[in-house]
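# Examining the three-dimensional arrangement
Chain residues, written in single-letter form:
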Amino acid sequence: MTAETSQTLDRGLTLLTLLADHPEGMRVSEIAAELGIGRTVVYRLVVTLEKHALLRRAADGRCHVGLGLIGLARQVQPLLREAALPALRRLADATTATAHLTITDGADGLVVVAVAEPPRAELFVGLRVGSRSGLEDTAAGQAILLSRRGDSRP
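Model, not experiment: these values are computed from the prediction. (Residues numbered from 1 in each chain as written. Predicted model: local features only at pLDDT ≥ 70, side-chain atom pairs only at ≥ 80, totals over all residues. Heavy atoms only, no water.)

### Brief notes about the nonpolar core
In terms of nonpolar packing, the biggest core is built from 16 residues, with L15, L19, I31, V42, V46, L55 and C63 touching the most fellow members. Of all the secondary structure elements, the ones that give two or more residues to this core are α1 (7-20), α2 (28-35) and α3 (39-51). Not counting the four nearest positions on each side in its chain, L15 is found in contact with I31, L35, V42, L45, V46, L49 and L55. Core analysis: the next-biggest nonpolar cluster, separate from the first, contains seven residues, A84, L88, A92 and A114 among them. (Core = buried A, V, L, I, M, F, W, Y, C linked by side-chain atoms within 4.5 Å. Buried < 20%, exposed > 50% of the residue type's maximum accessible area, 1.4 Å probe, protein only. Helix = DSSP H or I, 4+ residues; strand = E, 2+ residues; numbered from the N terminus. Contact = heavy atoms within 4.5 Å.)

Below is the structure:
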């Protein structure tokens, strides 16, 4: 037996996922076409998600994911950190180098989620959990940019 779901909630979450895959944003008509639903339905979803800061509309009318998602994601970071730390500690021990988990934050930023320092090393890289930087500014960011282009060159 299949559990009943909320069609409206499903559509709203699908819309947010779609916007996350389109950092340039999308117009209501484009969203409607992509999701195969009417523009009126999309508009109601947009207004509701905007009210909760999960979506924002730019001056040109394009819809983008909203900053309210950061608040929701912030609750996941401790779980992610807890899951990553054992592997990061093993990596730091094996390489005698600082190991860190860094994730993208928006289209062009990074945030450090977890850091493990090697117990026996003469040189440490100082990273603070929660610190932010631009993708262009760090080796981790450069690796992400290369992967987005499908490029494997250093």
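There is more to say after this.
### What to know about the sheet that holds strand β4 (residues 109-116)
On the basis of which strands lie adjacent, the open sheet formed by three strands has the order β3-β4-β5 and antiparallel pairing. Each edge of the sheet is formed by a strand with only one pairing partner; in this case those strands are β3 (99-104) and β5 (132-134). When strand polarity is set aside, the average angle formed by the axes of neighbouring strands in this sheet is 35 degrees. Sheet analysis places β3 next to β4, joined by six bridges and oriented antiparallel. Along β4, the bridge assignment pairs I103 with V111. Lying on the sheet, helix α5 (residues 77-95) is in contact with β3 and β4; it crosses β4 at an angle near 60 degrees. (Pairing = 2+ DSSP bridges. Axes fitted to C-alpha atoms, helices over the stretch in contact; angles between N-to-C directions.)

### A closer look at unusual backbone geometry
Not every positive phi belongs to a glycine, and A53 is a case in point at roughly 60 degrees. Assignment of secondary structure puts A53 in the loop between α3 and β1 (55-57). The exposure class of A53 is partly exposed, given its relative accessible area of 36%. Not every positive phi belongs to a glycine, and T96 is a case in point at roughly 45 degrees. By the element assignment, T96 lies in the loop between α5 and β3.

### Some remarks on α2
Within α2, the full set of buried residues consists of V28, I31 and A32. Here the buried residues of α2 occupy an arc of 100 degrees about the axis, which is enough to place them on one side. Away from its buried face, by an angle of more than 90 degrees, α2 presents the exposed residues A33 and E34. Two residues or fewer after α2 comes G36, characterised by a positive phi angle close to 70 degrees. (Arc of directions from axis to C-beta.)

### Describing the side chain of T102
Structurally, T102 is set in strand β3. Within the structure, the side chain of T102 is placed 2.6 Å from the side chain of H100, a separation counted as a polar contact. Not counting residues within four places of it along the chain, the set of residues in contact with T102 comprises L110, V111 and V112. (Polar contact = N/O pair within 3.5 Å; in protein donor to acceptor, adjacent residues only side chain to side chain.)

### Comments concerning the packing of α2 against α3
Two elements in contact, α2 and α3, have axes whose closest approach is 9 Å; the angle formed by their N-to-C orientations is 115 degrees. Taken together, the axes of α2 and α3 are roughly perpendicular relative to one another. Every pair of crossing elements has a handedness; the one defined by α2 and α3 is right-handed. Taking contact as the criterion, the partners of V28, S29, I31 and A32 in α2 are, on α3, R39, V42, Y43 and V46. (Parallel < 35°, antiparallel > 145°, perpendicular 65-115°, else oblique. Left-handed = near helix turned anticlockwise from the far one by under 90°.)

### Looking at the environment of L85
By secondary structure assignment, the location of L85 is in helix α5. Given a relative accessible area of 17%, L85 falls into the buried group. On a C-alpha basis, the gap between L85 and A32 in space is 42 Å, while along the polypeptide they are 53 residues apart. Look past the residues within four positions of L85 in its chain and what remains in contact with it is A114 and V115.

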